[in-house]
Amino acid sequence: MEKLIITAAICGAEVTKEDNPAVPYTVEEIQREAKSAYDAGASIIHLHVREDDGTPTQDKGRFKDCIDAIKEVCPDVIIQPSTGGAVGMTDLERLQPTELHPEMATLDCGTLNFGGDEVFTNTENTIKNFGKIMIERGVKPEIEVFDKGMVDLAIRYHKQGFIKAPMHFDFVLGVQMAASARDVAFMVDSIPAGSTWTVAGVGRHQFPMAALAIVMGGHSRVGFEDNVYLEKGVLAKSNGELVQKVVEMAKLLGREIATPAEAREILSLKPL
Ligand code: KMH
Ligand code: ZN
């Protein structure tokens, strides 16, 4: 089995310091959390950024400051900015970090309910446009799929030239779709041969989904964006603690952890 790529989603747009005081807002805090995850074994940092007061932003300058700060302390880590941003942002706002030509960025492949009255909108034209721009800017998409219909749409858009193969999927489970072994198996069975996949279990699903990814040959995303607890009732002190737990699980189950260079090879990214 190939080595395990761990992605750390260190910040997100929705989680706050009220949920966990270690959630990073400032450039320095984002740098600290990225380093804790990298030191523990993460090879990809999935990045959202905030203003100092915690307000989510897709500002290109803020992304640049955070990426530069992360690169200072984790020089070879793969940085994957979000183009999802926060609910309600415009497409132009959301696309800003791709102007920095990161190695990867997320491409959300459908619209979904996002709690309460919130709807995370990704129209067909948005998805096609984001896909086209990512190809032009040399950015590999991590295809965020919250249900199986989004996988089918990504395959359709691949055939139409909006997404290049080999495709890399992130199954975000426990939001719209449930998070069980059957759900993961169904998603894995639905993606084209030669694709890679990771799974992000939201909330209490984070570590059970990581366990499944470890044994099924997928990859794992953990971090404060999806879950702030190390175990029931115990807040994680850092993203590094969440990554460390997956590293320990992988060790117990006999799966080695990918370095950033190995992750680049697995994901068909250019070497540094
Ligand atoms: N914050 C969500 C509205 C992504 O990063 O691409 C979107 C999100 C997905 O987090
Ligand atoms: Zn995100």
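Fair warning: this is a prediction, and the values are worked out from it, not measured in the lab. (Residues numbered from 1 in each chain as written. Chains lettered and ligands numbered in written order. Predicted model: local features only at pLDDT ≥ 70, side-chain atom pairs only at ≥ 80, totals over all residues. Heavy atoms only, no water.)

**Structural notes on the site of ligand 1**
Next up, step 1: Neighbouring ligand 1 are 13 residues; E14, S82, G85, T106 and D108 lie closest to it.
Next up, step 2: At 3.2 Å from an oxygen atom of ligand 1 is found a side-chain nitrogen or oxygen belonging to H46.
Next up, step 3: Within the complex, 98% of the 300 Å² of free accessible area of ligand 1 lies under protein.
Next up, step 4: Among the residues making up the shell around ligand 1, the classes are represented as four nonpolar, six polar and three charged. (Near = heavy atom within 4 Å. Polar contact = N/O pair within 3.5 Å; in protein donor to acceptor, adjacent residues only side chain to side chain. Areas by Shrake-Rupley, 256 points an atom, 1.4 Å probe, with all protein chains shown as cover. Nonpolar A, V, L, I, M, F, W, Y, C, P; charged D, E, K, R; others polar.)

**Re the pairing of strand β10 (residues 168-173)**
Next up, step 1: Here β10 lies mainly inside the structure; six of its six residues are buried.
Next up, step 2: What you see with β10 is no split at all: H168, D170 and V172 on one side and F169, F171 and L173 on the other are buried throughout.
Next up, step 3: Judged from the four bridges that link them, strand β9 (residues 140-145) and β10 form a sheet pairing that is parallel. Looking across to β10, one finds that E142 is bridged to H168.
Next up, step 4: Remark: the β9/helix α5 (residues 148-159)/β10 crossover connection has right-handed handedness.
Next up, step 5: Bridge count for β10 against strand β11 (residues 196-201) is six bridges, and the pairing is parallel. What sits directly across from F171, in β11, is V199. (Buried < 20%, exposed > 50% of the residue type's maximum accessible area, 1.4 Å probe, protein only. Helix = DSSP H or I, 4+ residues; strand = E, 2+ residues; numbered from the N terminus. Pairing = 2+ DSSP bridges. Right-handed = clockwise from strand over helix to strand, strands pointing away.)

**As for the packing of aromatic side chains**
Next up, step 1: Applying the stated rule across the entire model yields three aromatic pairs.
Next up, step 2: Ring geometry for F171 versus W197: centroids 5.5 Å apart, planes at 25°, classification stacked. Of the two residues, F171 sits in strand β10 while W197 sits in strand β11, which places them 26 residues apart along the sequence. Of the two residues, F171 and W197, both sit in the buried class.
Next up, step 3: Its end group placed over the ring of Y25, K17 keeps NZ or CZ at 4.6 Å from the ring centre.
Next up, step 4: A cation sits over an aromatic face here: K245 above F207, 4.3 Å from the ring centre. (Phe/Tyr/Trp six-rings, centres within 6.5 Å; stacked < 30°, edge-to-face > 60°. Lys NZ or Arg CZ within 6 Å of the ring centre and 35° of its normal.)

**Comments concerning the coordination of the zinc ion (ligand 2)**
Next up, step 1: At this site the zinc ion (ligand 2) is bound by H46 (NE2), H48 (NE2) and E225 (OE), with donor distances of 2.1 to 2.2 Å.
Next up, step 2: Counting residues between consecutive donors of the zinc ion (ligand 2) along the chain gives the motif H-x1-H-x176-E. Placement of H48 in the loop between β2 (44-47) and β3 (49-50) and of E225 in the loop between β12 (219-222) and β13 (229-231) is noted, with a sequence separation of 177 residues between them. (Donors = N, O, S within 2.8 Å, 3.2 Å for Na, K, Ca; no water.)

**So, the environment of L230**
Next up, step 1: With respect to the helices, strands and loops of the structure, L230 is situated in strand β13.
Next up, step 2: Between the C-alpha atom of L230 and that of R204, which follows or precedes it by 26 residues, the distance is 9.7 Å.
Next up, step 3: Not counting chain neighbours up to four residues away, the residues in contact with L230 comprise F207, L235, A236, E241, L242 and K245. (Contact = heavy atoms within 4.5 Å.)

**Re the nonpolar core**
Next up, step 1: Counting 40 residues, the largest nonpolar core has I10, I30, I45, L47, I70, V243 and V246 as the members making the most contacts within it.
Next up, step 2: Core analysis: the next-biggest nonpolar cluster, separate from the first, contains 37 residues, L107, V145, M150 and I155 among them. (Core = buried A, V, L, I, M, F, W, Y, C linked by side-chain atoms within 4.5 Å.)

**Side note on the packing of helix α7 (residues 206-216) against helix α8 (residues 239-252)**
Next up, step 1: Contact geometry for α7 and α8: axes closest at 10 Å, N-to-C directions at 40°. As judged from the angle between their axes, α7 and α8 are oblique. Where α7 crosses over α8, the handedness of that crossing is right-handed. Residues Q206, F207, A210, A211 and I214 of α7 pack against L242, K245, V246, M249 and A250 of α8. (Axes fitted to C-alpha atoms, helices over the stretch in contact; angles between N-to-C directions. Parallel < 35°, antiparallel > 145°, perpendicular 65-115°, else oblique. Left-handed = near helix turned anticlockwise from the far one by under 90°.)

**Quick notes on the sheet that holds β11**
Next up, step 1: Spatial strand order, β5-β2-β1-β12-β11-β10-β9-β6: eight strands in an open sheet with parallel pairing. This sheet does not close on itself; its edge strands, each paired only once, are β5 (78-81) and β6 (104-108). With direction set aside, neighbouring strand axes in the sheet form an average angle of 25°.
Next up, step 2: Both β2 and β5 contribute to a ladder of four bridges, which runs parallel. Paired with I44 across the two strands is I78, which belongs to β5.
Next up, step 3: In the packing of α8 onto the sheet, contacts are made with β1 (6-9) and β12, and the angle to β1 comes to roughly 155°.

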